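# Per-entry structural report
As a plain string of letters, each chain reads:
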Amino acid sequence: AADKRLGVLCLRCQSLLYLRLFKLKKESALKYSKTLTEHLKNSYSNSQAPSPGMGSKSVSMPSPVSPKLSPGNSNSYTSNVSSSSGGTSSVTIPQRIHQMAASYVQVTSNFLYATEIWDQAEQLCKEQSEFFTELDKVMGPLVFNASTMTELVRYTRQGLHWLRLDAKLKH
């Protein structure tokens, strides 16, 4: 029981720290999202227009699952994609767009990790509901998108204090 309680406290801390990391970079992520969306719109529009020597064949967009990028030169990356005629073609991705996409994924991953870890904590918490109901009454409940770092520290300290007391009583 003590291990599960400690696990919940650790997971909640980890979750709220990931959420804090996301919030610190949220403005950048919004800018990246806007720029990347514009780039994709423009890329899609350009890929639909007939290219010289290709007639009316259009080139499909790279697979969002896992494009194989290779540095073409220091300013761009090249991705091989399939065309609608069954052949392959190359799409050049400017290096700043590639870097923005990588940064965007890193920032948004923090939010995804935060929610996933919070959900894990909630599952474990159900098994130890008495302990956490009492802790919530004394300290106020932790709320995923609203608790401050100060509230997190106080809540965790109190929970650890109770775990230490329980351990002393059992020995």
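Conventions we followed
- Residues numbered from 1 in each chain as written.
- Predicted model: local features only at pLDDT ≥ 70, side-chain atom pairs only at ≥ 80, totals over all residues.
- Heavy atoms only, no water.
- UniProt positions renumbered as here; feature names shortened; annotations may be inferred.
- Helix = DSSP H or I, 4+ residues; strand = E, 2+ residues; numbered from the N terminus.
- Buried < 20%, exposed > 50% of the residue type's maximum accessible area, 1.4 Å probe, protein only.
- Contact = heavy atoms within 4.5 Å.
- Core = buried A, V, L, I, M, F, W, Y, C linked by side-chain atoms within 4.5 Å.
- Disulfide = S-S within 2.5 Å.

In the annotation of an unreviewed UniProt entry, the entry for the chain reads AF4/FMR2 C-terminal homology domain-containing protein, and the organism field reads Staurois parvus. Entered under Subcellular location (unreviewed entry) in the UniProt record, the comment concerning the chain runs "Nucleus". In UniProt, the chain has this text filed under Sequence similarities (unreviewed entry): "Belongs to the AF4 family."

A tally of helices and strands in the chain yields 4 helices and 3 strands. The order of helices and strands in the chain, counted from the N terminus, is α-β-β-β-α-α-α. Out of the 171 residues belonging to the chain, those deemed buried represent 26%. Long-range pairs, those at least 24 residues apart, make up 60% of the contacts in the chain with a sequence separation of at least 6.

Our next topic: the nonpolar core. In terms of nonpolar packing, the biggest core is built from 23 residues, with Leu 16, Phe 132 and Leu 135 touching the most fellow members. Elements with a minimum of two residues in this core: α1 (2–48), α2 (95–127), α3 (129–139) and α4 (149–170). Of the residues forming this core, the biggest block, 8 residues, is contributed by α1. Contacts of Leu 135, omitting those with residues within four sequence positions, involve Leu 9, Gly 140, Tyr 155, Gln 158, Gly 159 and Trp 162.

Once that is clear, we can look at the state of the cysteines. Inspection of the entire model under this criterion finds 0 disulfides. In this model Cys 10 remains outside any disulfide bridge; the closest cysteine sulfur is found in Cys 13, 6.6 Å from its own. The exposure class of Cys 10 is partly exposed, given its relative accessible area of 43%.

This brings us to the side chain of Ser 15. The residue Ser 15 is located in helix α1 in this model. Apart from residues no more than four positions distant in its own chain, Ser 15 is found in contact with Ala 114, Ile 117, Trp 118 and Phe 144.

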